[in-house]
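# Fold and geometry: a report
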Amino acid sequence: MQSIERLPFFRGFSAEILAPLQAAASWRSFEAGQVVVEDGDPTQEVFFLAEGAVRVLGRTSGGHELILNELKAGDMVGEYAAIDGAPRSAAVVALTRTRLCALPSAPFMAFVLATPAAALQLLRLLTARVRERDARLIELVALPVRLRLASLLLRLSRPRVGGDGRVISPPPPHHELAARIGTRREVVSRILSQMQREGLLTTDRRAIALPQPEMLAAAVEAGFQQASGGG
C-alpha cells in the first residue's frame, strides 16, 4: 500500500492530519541513471524516497559536475524549491531502481506551517544539511586536493570486518571521487597511486582498503591547523 504514513518524515502523525497529503501524493518509479529532476526545472514538488537511492548534482555552465549529496530510502529531496518557489538548484539522478513519493509544495508547506512538530523536523533536517555543506566548503577552501581526497576516503570508509583499518567497498570510480572534491579524474588517479606507493591504501576491483586510517586523519587535521595558522 502506498501510504505516506510509512515514510519516516510523517511517522507519528495521525491519519486525519495526513489525509490532505495522502490525497495529493503521487508515487513514481525510476531506473538507475534516470533523471528525477534537472537543474533549473521550475517544478516545486518535494520528494520522499521510499526505496532506492539518488545523487544530487551541481553543474557548471561548462558542464563540470560536482556531487553535492547522496540520499537513500527515508530521505527527502527537493525541499528548497518547495520552500522558496525558485527553480531547482541541482539535478537529482537515481543511483538504483528508486521509488519515491512526490508532494506538491502547497499542501506540504501548509502541513509544515500548521504542524509545529513537522516544522521542527524540517528545520533540523535543513540545519544538518547546512552544517554538512559548511564542513565540505571549509575543506574545499582550506585543504589541498590530496587532503580533501584523504578526508573523503575516511568518510566513505567503514571498519574492516575481522581486521584492522577501514575499507570502501565497492570502490567508487575515480571520476566520482573527483566530482565530490572539485577536481579532475586524472588528479585523483595520480594521488591514489601515490598513496598506494606510500602504504596508505591498497586497491583492487572489490575495495579500497585503508590500513592506517589514523595517519590519514592526522594529515587532514594537520592541514586544517596549517590553514588556520595553528601550525
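The text that follows walks through the structure, step by step, so that each part is easy to find. Counting from 1, residues in each chain are numbered in the order their sequence is written. Two thresholds apply to this predicted model, a pLDDT of at least 70 for residue-level local features and 80 or more for giving and counting side-chain atom pairs, whereas whole-chain, interface and lining totals are computed over all residues. The side-chain quantities take in all heavy atoms of the structure and omit both hydrogens and water.

## With respect to the pattern of salt bridges
For clarity, the cut-off: The salt bridge definition used is simple: a Lys or Arg side-chain nitrogen within 4 Å of an Asp or Glu carboxyl oxygen. Helix and strand definitions here come from DSSP, where helices need a minimum of 4 consecutive H or I residues and strands a minimum of 2 consecutive E residues; each element is numbered from the N-terminal end. A 1.4 Å probe rolled over the protein chains alone gives each residue an accessible area, and that area as a share of the maximum for its type sets the label: buried under 20%, exposed over 50%, partly exposed in between.
Overall, the coordinates contain 15 salt bridges when judged by the stated rule. With a closest N to O distance of 3.2 Å, E139 and R136 form a salt bridge. A residue pair is termed a helical-turn pair when its members lie 3 or 4 positions apart in one helix, as E139 and R136 do in helix 4 (residues 116-142) at three residues. Classification of R136 as partly exposed rests on a relative accessible area of 25%. R155 serves as the salt-bridge partner of E139, at 3.1 Å between the closest nitrogen and oxygen. Here R155 lies in helix 5 (residues 145-156) and E139 lies in helix 4, a separation of 16 residues in the sequence.

## Comments concerning the pairing of strand 5 (residues 65-72)
The following threshold applies: Strands qualify as paired when DSSP identifies two bridges or more between them.
Relative to strand 5, strand 4 (residues 53-59) runs antiparallel, the two sharing seven bridges. Across the sheet, residue G58 finds its bridge partner in strand 5, namely L66. As consecutive antiparallel partners, strand 4 and strand 5 are separated by five residues, and within that stretch G63 has a phi angle of approximately 95°, a positive value.

## What to know about the packing of aromatic side chains
Just so we agree on the cut-off: The rule is short: rings of Phe, Tyr and Trp, with Trp giving its six-membered ring, pair when the centres are within 6.5 Å, and they are stacked under 30 degrees, edge-to-face over 60, tilted in between.
According to the stated counting rule, one finds seven aromatic pairs in the structure shown. Aromatic pair F10 and F48: ring centres 4.9 Å apart, planes at 55°, arrangement tilted. Within this pair, whereas F10 is found in the segment before helix 1 (15-24), its partner F48 is found in strand 3 (residues 46-51), the two being separated by 38 residues in sequence. Both residues of the pair, F10 and F48, count as buried.

## Some points on the sheet that holds strand 3
Taken in spatial order, the four strands make up an open sheet running 1-8-3-6, and their pairing is antiparallel. Of all the strands in the sheet, just strand 1 (26-30) and strand 6 (76-77) have a single pairing partner and so form its edges. Bridge analysis of strand 3 against strand 8 (residues 98-103) gives five bridges, and the strand direction is antiparallel. Counterpart to F47 in the pairing with strand 8 is A102.

## What about the sheet that holds strand 5?
Selection criterion: For helices, the fitted axis covers only the stretch in contact; all axes are lines through C-alpha atoms, and the angles between them, taken along N-to-C directions, range from 0 to 180 degrees. Any two residues whose heavy atoms approach within 4.5 Å are treated as being in contact.
Spatial ordering of the open sheet is given by 2-7-4-5, a layout of four strands whose pairing is antiparallel. What marks the edges here is a single partner per strand, and that holds for strand 2 (35-37) and strand 5. Each strand axis lies, on average, 30° off the axis of its neighbour in the sheet, ignoring direction. The strands that helix 6 (residues 174-181) touches are strand 4 and strand 5; relative to strand 5, the one it contacts most, it runs at about 100°.

## Things to note about helix 8 (residues 213-227)
Selection criterion: A helix is expected to span 1.5 Å for every residue after the first. Here the arc refers to the set of directions running from the helix axis out to each C-beta atom.
Between its first and last C-alpha atoms helix 8 spans 21 Å; for 15 residues at 1.5 Å apiece the expected length is 21 Å, and the two agree. Taken as a whole, helix 8 has its buried residues at P213, L216, V220 and G223. Seen along its axis, helix 8 keeps its buried residues to an arc of 85°; they face one direction. G229 sits one or two positions beyond helix 8 and adopts a positive phi of about 85°.

## Side note on unusual backbone geometry
Omega for the peptide link from S169 to P170 comes to -5°, which places this bond in the cis form. Within the element layout of this structure, P170 appears in the loop between strand 10 (166-168) and helix 6.

Just distances and angles here, no functional claims.
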